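Geometric and topological summary
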Amino acid sequence: MTFSRRPLWLYPLFQIPLILLGIFLATALLFWLFGIGRPNVAVAIGLDLSTSTYAPQEFNAPGTVMSQEVAAVRSYLDINDRLLRQPNQVQVFGFGGVTISLTGDFQTDSQKINAELTQALQDPNLPQSVANESTDINLAIQSGINALSKISDRCREFLLVTDGGAPVSAEIITNAIAQRVKINTVIIGGESLELRAAAFATRGNYHTTASANLETLFTERLFTSFNSNLKWIIFWLGAAWIALMWTLVLPLDRWIFQNTMQMPINLAGQLALGNAFFWTAATPGIIIGIYRLLNLSGLPFFSSC
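The structure reproduced in this document is the subject of the present report. (Residues numbered from 1 in each chain as written. Predicted model: local features only at pLDDT ≥ 70, side-chain atom pairs only at ≥ 80, totals over all residues. Heavy atoms only, no water.)

**Some points on the nonpolar core**
Put simply, the test is: Remark: nonpolar core denotes a set of buried residues (Ala, Val, Leu, Ile, Met, Phe, Trp, Tyr, Cys) joined through side-chain atoms within 4.5 Å. Between buried and exposed lies partly exposed: a residue is buried under 20% and exposed over 50% of the maximum accessible area for its type, with that area taken using a 1.4 Å probe on protein chains only. Under the scheme used here, helices are H or I runs from DSSP no shorter than 4 residues and strands are E runs no shorter than 2 residues, and both carry numbers assigned from the N terminus.
Counting residues in each nonpolar core, the largest one holds 36 residues, and the members touching the most others are Leu-47, Leu-49, Val-73, Val-92, Val-161 and Phe-218. Only β1 (41-48), α2 (65-83), β2 (89-95), α3 (110-121), β4 (155-162), β5 (181-188) and α8 (214-226) provide two or more residues apiece to this core. Ranked by the residues each element gives to this core, the list is headed by α2, at eight residues. Judged by nonpolar contacts, the second largest core, of 26 residues, contains Ala-44, Ile-141, Leu-148 and Ala-199.

Printed below as a string of structure tokens:
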């Protein structure tokens, strides 16, 4: 590759990639600062209301695991209303041996959801309605999937909160994958290999925590995960990396390979171009690998979920 000894910045092969590098970095910064590209999300939350979450105290008594579950949901609703231009649609379920909806259908009005949740929890017949002497996690997950399957224009997240694990039917996991529902599980004070497997199979989150940390988990980890535009940021940084490799073609050719390493002009040019072509071909695969490592699915152009 033969060039006269004009300054590098006078060549289009340097100018165009440099301009694109600036554009891609600026775009990544804008997406990060302003949350551009955040997905629209529907979240079904299943709360364990069985006796193990409050006995020997009264139903939803202060300080119980159940009261911490409810407080975490209210904190989620609070930031959902304050931080998002398009809040998540949320529906809350309670389960024991039976699963029932504690709020109306999916909606974005946090005040209305909170009021409906309060009214449901004050119902003296609620413990019997959810059959609180037992816990059917399969039914709870299936109920969440059924509700979310009716949502067609949003990413679908089911969040299960329980203080114990149980086997999860393979059929339910298959159904969740088919309906594009992510199963997110929070185990309070324990572990569950079955629920971990269900979460990972559907690209959901799995967390274990103490009940006192539930609010922080809901607001700082789960809310952020559901409403992340990280896929876009990684994409634009990947594009910037490719642009950088092309920006470096002439510096590598002239300064490194020819001047420093004393290579012939043709070999220096081939190596410099080969480096750019290599990273252009390899970067998309690296981006997809990072997506998989971070439990993200699909390029943002094709899927925001």
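**Describing the layout of surface pockets**
Note the threshold: Residues are said to line a cavity or pocket when one of their atoms sits within 4 Å of a point; the points come from a 1 Å grid over protein atoms alone, cavities being sets where a 1.4 Å probe fits but cannot get out and pockets being open sets with protein on both sides within 12 Å along at least five of seven lines. Grid points are joined across faces, edges and corners, and a volume is the space filled by probe spheres set on the points. Note on residue categories: nonpolar means Ala, Val, Leu, Ile, Met, Phe, Trp, Tyr, Cys or Pro, charged means Asp, Glu, Lys or Arg, and polar means any other residue, Gly included.
By volume, the largest pocket is sized at about 380 Å³. Looking at the largest pocket, it is lined by 22 residues, and the ones nearest its centre are Ser-225, Ser-228, Leu-294, Asn-295 and Leu-296. Listed by contribution, the elements that provide at least two residues to the lining of the largest pocket are β4, α8 and α9 (230-247). Classifying every residue of the lining of the largest pocket gives nine nonpolar, nine polar and four charged. The calculated volume of the second largest pocket comes to roughly 330 Å³. Along the wall of the second largest pocket there are 17 residues; nearest its centre are Arg-180, Val-181, Lys-182, Ser-297 and Cys-305.

**Observations concerning a nonpolar patch on the surface**
Quick reminder of the rule: Grouping into patches uses exposed residues only, defined as over 30% relative accessible area, and leaves out salt-bridged ones; the cut-off is 9 Å for like charges and 5 Å for nonpolar side chains (Val, Leu, Ile, Met, Phe, Trp, Tyr). Exposure was quantified through the Shrake-Rupley algorithm and a 1.4 Å probe, taking into account, for residues, occlusion by the shown protein chains and nothing else. Salt-bridge detection follows one rule: a side-chain nitrogen of Lys or Arg within 4 Å of a carboxyl oxygen of Asp or Glu.
Judged by side-chain polarity, Leu-29, Leu-30, Trp-32, Leu-33, Phe-34 and Ile-36 come together as a nonpolar surface patch covering roughly 630 Å² of accessible area. In this structure, Trp-32 sits in helix α1 (residues 12-34). Relative accessible area serves as the criterion here: at 58%, Trp-32 is assigned to the exposed category.

**Focus on the sheet that holds β4**
To keep it simple, the criterion reads: Strands are treated as partners if at least two bridges between them are detected by DSSP. Between the N-to-C directions of two axes lies an angle of 0 to 180 degrees, each axis being a line fitted to C-alpha atoms and, for a helix, fitted only over the stretch in contact.
On the basis of which strands lie adjacent, the open sheet formed by six strands has the order β3-β2-β1-β4-β5-β6 and mixed pairing. Looking at the sheet topology across the chains shown, the edges are occupied by β3 (99-101) and β6 (206-209). Strand-to-strand twist of the sheet, defined as the mean angle between neighbouring strand axes without regard to direction, takes the value 20°. The sheet contact formed by β1 and β4 spans seven bridges and is parallel.

**Describing the pattern of salt bridges**
According to the stated counting rule, one finds two salt bridges in the structure shown. As a salt-bridge pair, Asp-78 and Arg-82 come within 3.1 Å of each other at their nearest N and O atoms. Linking Asp-78 with Arg-82, this pair stays in helix α2, spanning four residues, or about one helical turn. On the basis of relative accessibility, which here comes to 39%, the residue Asp-78 falls in the partly exposed class. Residue Glu-191 is joined to Arg-196 by a salt bridge in which the shortest nitrogen-to-oxygen separation is 3.4 Å. Accessibility expressed as a relative area gives 28% for Arg-196, which makes it partly exposed.

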